[in-house]
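Listed below are the residues making up each chain.
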Amino acid sequence: MKLTVNEVEYDFEVDEDTPLLWVLRDTLGMTGTKFACGVAQCGACSVMVDGELQRSCTLPISTLEGRSVSTVEGLSRDNSHPVQQAWIAEDVPQCGYCQSGQIMAAAALLESYPNPSDEQIDSAMTNICRCGSYSRIRKAIHRAIREPQQEI
Amino acid sequence: MINKTINRRQFLKSSAIAAGGLSLGFALPGCAPEASSEGAAGSSDISAWLTIDPEGIVTIRVPCSEMGQGVHTSLPMIIAEELDADWQLVRSETAPVTPDFVNPLTGSRGTGGSSAVRRWWPTIAKAGATARDMLLRAAAEQWAVDVSELTVANGIVSHAGSNRSAGYGSLAAAAAALEPAMDLPLKTADQYKIIGTPAKRLDTPSKVNGSALFGIDVRIPEMQYATLAASPNFKGNLRSMDESAAKAVRGVQRIISLPAAAQESAGVQDIVAMPDAVAVLADSYWQAKKGLQALNPQFDDGGAASISDATIRAEMIAALSDEDAAVMRNDGDVAQATSGAQRVISADYTAPFLAHLCMEPMNCTAHYKVAEDGSESLEIWAPTQGESHVLNVLQRVFGLSEQQITLHTTLMGGGFGRRFEADFVLQSALISKAAAKPVKLLWSREEDVQHDYYRPTSASRFEVGVDDSGRPVSWRNAVVATSVAKRNFAAALVNGNDPFSIEGAVNIPYDIPNQTVTLKEYHSNIPSGSWRSVGSSHNGFYVESMMDEVAVATGKDPFQLRRELLQNHPRFIAVLDRLEAESNWQSPAAAGRFRGMAVHECFASIVGEVAEISVSDTGAIKVHKMICVVDCGRVVNPSIIESQLESAMIDGLTAALWGGVRIREGRIVQSNFHDYRLMRLRETPLMDIHIIDNNEAPGGIGEPGVPPSMPALSNALFAATGRRVRSLPLEA
């Protein structure tokens, strides 16, 4: 099984019904992407597959042969991505567990709509945060709009 | 060997760290073995509260679990303040679970009760002051000048007379050789440079790039993965399973029964209350999950098939009339005052069991080791907020001493009280011992929803007598609730009664001369636990809803009614005045908008909130705005306070609108986020938060924002609809 993750190609053996989430976490050791519901309800496991936002907990790996995945670790290691910068500036995370997914969802939103309205933010940001960091997530997305954009 | 004598060397100890910096620790009176307080440099490093390396990086170990509340930032701010450190160079990490990091006031290690800042401030401030003093003396020695000629700011010591300066990093090694001083004066509030500022959280950078390691992220060599199914009925028994089908699943290694009876020989069945369960161990989580599906364990109903949320509510309401309820408060003569009242206003309220639903499902990694000489030890990596409780359970179940168990507290994806419990930790250790392997146990979300220790369900009856002027003169409140303390905080019981059940009811601030509060425990085989703000989460709703009923019945403005009863509580009055002004309460709300208010004190902080809502033609409630005023005494970090209040209001609004487990045939009906509704971004109201800064002793902040949000919302719903909803959730 071949899969590109954050621009690195991996070759591994795994049960073909294994969801992408568990390949990332258990097979490849990239634990930034989180498990929370397992049924694509909460978005904690959000990643990009070929540039499209996906909930990795219900994506069987067999459907992803040769495709390209990017995770929160791929945004930047040094927190230089504008969404990461905005998240730091607004001090968004509390427990932080859902934030990888929130950040990936925000990055995907800004790819589609570089200057999203509050209504577009409402529609796109459906991930659950049990700490209720939503107000700061909204502020951080608006801040990321104001900062210079760069490619994800 | 415990040495309870406090002396200078025992309290504070310094040492050089390997790289040539300063390590400063202090043994807590009565808690620390002598050996570690007088120990060699190695053990001093382990007990170090703060270290300063040659580059000037200050690392502060925090003896509290970081579960989102910001304690890994707020406590370091207090130390850094007294140290005069450069905040940009401060780092924090979770302190090891050792006697050196046990709270001196509670004698235990655990995080809850919105207590970290309150309980730790003076103790940790001294560590900062002591380190600062040593660094200053080291500079004075090096420069052959008097300490009084030195100034210090942002981690740099300066001597104006000779135009010299040095960073803490370059002084740390020399400082380590000096004797620590005790009882140094602490700063006064007017000298604060870090406390009171919105300093950035120290944990944010690692939480935006996936590098923060939570319990679920722990990986140790040769680790196997386990998941489990517990009996859907809490007292049910495992009746059948298909072991051969499970073992036919690729990667499945073992099937391990976790019988509830295993707790009995250790006498922990009541405090852990772990239901019958069976675990599958495999090479990966996914294989364990598939193995569990194939195993298809079946449990009987444990004799609880007749239990539903309707029967529970009916039984609680019936119990409100029980005459053998315990009298928890009795002021004046309620019977006489009630009979003499101009009128009596009565109402019954109920609230359901609530799940915690931490984002990170329950998990724990354990390695039960048996050495070649037969000696046993246990190493645990747990996202826990109840270390002392967990260690106690593990020691009793496995017959191990404290020295045989090493517990590492990890970051955790939410706690809310759920992670006080020992069940998931004990299960992981039992599996590891049975398998003789290091094991990471991870529950599914379904297990998490259906095997929680729920916020107690309760009922509350009020009879409030008012006089001719509309002033309440008698207050009778009967509370019926399931107990948290009877299960796992037995030391907190008062004459056998659970004080948590009446928090927020027994201590109302209102000046009503005749008051009776009674408590009757409601027994349920569905376990209850601490849930954010504990008893105040239901009593705050009941009391402040009832106050609104009194205001409506007497035709009084709800602010005015409360003010009349709070004349001896200036801090409450200040919160009310500010809340009234910030919410423009005396001006009409916008067309179609309706407001409700509530105020509540818990964990030594007072919070007042106004909810502004609209209600659609179909009855759907939209919360547009929350206005919040808090008096939590001395402010450490206003940004963290703001985020905790936002968080608490989301939690309270979610619970009030939709929260509660439904119970049919003794089982929890819901199983995941699709049927347990949680507030999302699009439903989040505008948050308008105001902090009253004063010099009062610090109060808690993680929980106090929860209780007033529920009655503020339901009081607004009454204003909008004229309908008083006395049973939560509002949108049932």
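Calculation criteria
Residues numbered from 1 in each chain as written. Chains lettered and ligands numbered in written order. Predicted model: local features only at pLDDT ≥ 70, side-chain atom pairs only at ≥ 80, totals over all residues. Pairing = 2+ DSSP bridges. Helix = DSSP H or I, 4+ residues; strand = E, 2+ residues; numbered from the N terminus. Domains from an automatic or database assignment. Contact = placed C-beta atoms within 7 Å. Nonpolar A, V, L, I, M, F, W, Y, C, P; charged D, E, K, R; others polar.

Moving on, we get to the pairing of strand E17 (residues 376–382) of chain B. Residue and element names in this part refer to chain B. As defined by bridge partners, strand E16 (residues 363–370) adjoins E17 across six bridges and the pair is classed as antiparallel. Looking at the pairing, Tyr 368 lines up with Leu 378 of E17. Taking the residues between adjacent antiparallel strands as the criterion, E16 and E17 are bridged by five residues, where Gly 374 takes a positive phi near 90°. For E17 and strand E18 (residues 405–409), the ladder comprises five bridges, and the chain directions are parallel. Looking at E18, one finds that Leu 378 is bridged to Ile 405.

Moving on: the domain arrangement of chain A. Residues and elements named next belong to chain A. By the assigned domains, chain A splits into domain 1 (2–74) and domain 2 (75–146). The gap between the C-alpha centroids of domain 1 and domain 2 is 20 Å. Counting from both sides, the interface comprises 14 residues of domain 1 and, opposite them, twelve residues of domain 2. Mapped onto the side of domain 1 that touches domain 2, the elements with two or more residues apiece are strand E3 (46–49) and helix H2 (72–75). Broken down by element, the side of domain 1 that touches domain 2 gets its largest block of residues, three residues, from E3. For the side of domain 1 that touches domain 2, a count of residues per class yields eight nonpolar, five polar and one charged.

With 47 residues of chain B at the contact, the number on the chain A side is 49 residues. Of all the elements in the fold, those that place two or more residues in the side of chain B that touches chain A are helix H9 (285–295) and helix H19 (638–658) of chain B. Broken down by element, the side of chain B that touches chain A gets its largest block of residues, six residues, from H19(B). Here the residues of the side of chain B that touches chain A are counted per class, giving 18 nonpolar, 16 polar and 13 charged.

Residues and elements named next belong to chain B. Taken as a whole, chain B is organised into domain 1 (8–191), domain 2 (216–302 + 358–450) and domain 3 (309–355 + 454–721). On a C-alpha basis, the centres of domain 2 and domain 3 stand 36 Å from each other. Listed per partner, the contact involves 18 residues of domain 2 and 18 residues of domain 3. Among the elements that line the side of domain 2 that touches domain 3, the one with the most residues is helix H14 (residues 445–450), at four residues. Along the lines of polarity and charge, the residues of the side of domain 2 that touches domain 3 split into seven nonpolar, four polar and seven charged.

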